[in-house]
Amino acid sequence: NKGGWAANVRASTTLADFGSISVSTNIKTAGFGSMESRINDRLMNDTYQYDIITNFELGKFFPDRFGVKVPLFFGFSEYYETPYYNPYDQDVKLKDVLNSYETNRERDSLKRITQTLTRRKSFSLSNIRVMPDGSTPHVFSISNLSASYAFNETYSRNMNTLNNTQKNYSGSLGYNYDVQPKFWQPFKKVSGGGLAFIRDFNIGLYPKRFSFNTEISRYYSEMQSRNVHYPDIEIPATYAKDFTWNR
């Protein structure tokens, strides 16, 4: 019948026009619940989570006349979930089992096995461009190019999973060139108010835009289950790999 508690903390700062940083954390302990909740509906574990999110414009390191744009995003988060009772013996509190061990190594080993951890990492450079001031775009202008790169990783473990890792890599390169098209009006000399739709008919002599985009992505996954009943026997890990190129 012991109650729990919860807390949320969030802080953020802005570094002028260079970027921003945001940090948040969330803590809940076993026994926490609403006033109307029953005992069986309350948390049966301690949870702790924190997130770090940053956004920077690395193009600020270059002179403005170069028109360099390099938006960077980085995110990192971890989520811990520690059960109140021993998962292998639901009648015994986990902290009592940990206190019964003589060495820190034994306590850390059991805590690592019974604890759930989820870790996420994200990194991206989106729409990197170079757009010099005062330059007139032409077919070979560097301002027609744009590039992006992204990396995401998720790692988790719990009492049944020794390692679950997923990684995603992606990169793209794009080209876009807009031109002022010329039109041919074969019936522009046609007179008469009722024939305006014929007189305004035109045919574009060449495309208004030339564009190209290619994207490469790679996926990697590693999964290894925990041998709960026979810890000395390791279960082989399974792997999944995928590589795609869209163009």
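In short, a report on the structure.

1. Notes on the overall build of the protein chain
- Counting secondary structure elements, the protein chain contains three helices and 14 strands.
- Compactness check: the protein chain gives a C-alpha radius of gyration of 30 Å against a globular reference of 18 Å for 247 residues, more than 25% above the reference.
- Taking the principal axes of its C-alpha atoms as reference, the protein chain extends roughly 100 × 45 × 45 Å.
- Within the protein chain, the fraction of its 247 residues that count as buried is 25%.
- The long-range fraction of contacts in the protein chain, counting pairs at least 24 apart against all pairs at least 6 apart in sequence, stands at 59%.
- Looking at the protein chain as shown, the accessible area adds up to about 17300 Å², and 55% of this sits on carbon and sulfur atoms.
- Charged side chains in the protein chain number 30 positive and 24 negative. The centres of these two groups are separated by 10 Å.

2. Comments concerning the pairing of strand β2 (residues 19-28)
- Pairing between strand β1 (residues 6-15) and β2: ten bridges, direction antiparallel. The residue bridging Thr13 from the neighbouring strand is Ile21, located in β2.
- Here β1 folds back onto β2 in antiparallel fashion, the turn holding three residues, of which Ala16 has a positive phi close to 50 degrees.
- Note: β2 against strand β3 (residues 45-57), ten bridges, orientation antiparallel. Note that in β3 the partner of Ile27 across the bridge is Tyr48.

3. What to know about the nonpolar core
- Grouped together as the largest cluster of nonpolar side chains are five residues: Phe56, Val68, Val70, Leu72 and Leu125.
- Here Val70 is in contact with Phe56, Glu57, Leu58, Gly59, Leu125 and Ile128, once residues within four sequence places are set aside.

4. Some words on the packing of aromatic side chains
- All chains considered together, the criterion is met by nine aromatic pairs.
- Ring geometry for Phe18 and Phe61: centres 5.5 Å apart, planes at 80 degrees, overall edge-to-face. Of the two residues, Phe18 sits in the loop between β1 and β2 while Phe61 sits in the loop between β3 and β4 (68-69), which places them 43 residues apart along the sequence.
- Among the residues examined, Phe61 registers a relative accessible area of 64% and is labelled exposed.
- A ring pair is formed by Tyr220 and Tyr239, whose centres lie 6.5 Å apart and whose planes are at 45 degrees; its orientation type is tilted.

5. Description of the layout of surface pockets
- A volume near 200 Å³ is recorded for the second largest pocket.
- Contributing to the lining of the second largest pocket are Tyr88, Ile113, Leu162, Ser225, Arg226, Asn227, Val228, Pro231, Asp232, Ile233, Glu234 and Ile235.
- Residue classes in the lining of the second largest pocket are distributed as seven nonpolar, two polar and three charged.

6. Quick word on the pairing of strand β13 (residues 209-225)
- Sheet topology note: the strand β10 (residues 161-178)/β13 ladder contains 17 bridges and is antiparallel. From the neighbouring strand, Gln166 faces β13, where its bridge partner is Ser221.
- Judged from the nine bridges that link them, β13 and strand β14 (residues 238-246) form a sheet pairing that is antiparallel. The residue bridging Glu215 from the neighbouring strand is Asn246, located in β14.

7. Focus: the pattern of salt bridges
- A full pass over the atoms with the stated rule returns three salt bridges.
- Asp17 is paired through a salt bridge with Lys60; the nearest N and O atoms lie 3.3 Å apart. Residue Asp17 is found in the loop between β1 and β2, and its partner Lys60 is found in the loop between β3 and β4; the two are separated by 43 residues along the sequence.
- Here Asp17 falls in the exposed class, since its relative accessible area comes to 53%.
- Here Asp178 and Arg209 are joined by a salt bridge, their closest N and O atoms 2.6 Å apart. Within this pair, whereas Asp178 is found in strand β10, its partner Arg209 is found in strand β13, the two being separated by 31 residues in sequence.
- Judged by its relative accessible area of 51%, Arg209 falls in the exposed class.

Thresholds applied
Residues numbered from 1 in each chain as written. Predicted model: local features only at pLDDT ≥ 70, side-chain atom pairs only at ≥ 80, totals over all residues. Heavy atoms only, no water. Helix = DSSP H or I, 4+ residues; strand = E, 2+ residues; numbered from the N terminus. Rg over C-alpha atoms; globule rule 2.2 N^0.38 Å. Buried < 20%, exposed > 50% of the residue type's maximum accessible area, 1.4 Å probe, protein only. Contact = heavy atoms within 4.5 Å. Areas by Shrake-Rupley, 256 points an atom, 1.4 Å probe, with all protein chains shown as cover. Lys, Arg positive; Asp, Glu negative; His and termini not counted. Charge placed at Lys NZ, Arg CZ, Asp CG, Glu CD. Pairing = 2+ DSSP bridges. Core = buried A, V, L, I, M, F, W, Y, C linked by side-chain atoms within 4.5 Å. Phe/Tyr/Trp six-rings, centres within 6.5 Å; stacked < 30°, edge-to-face > 60°. 1 Å grid on protein atoms, 1.4 Å probe; cavity = no way out; pocket = protein on both sides within 12 Å on 5 of 7 lines; lining within 4 Å. Points joined across faces, edges and corners; volume = space filled by probe spheres on them. Nonpolar A, V, L, I, M, F, W, Y, C, P; charged D, E, K, R; others polar. Salt bridge = Lys/Arg side-chain N within 4 Å of Asp/Glu carboxyl O.

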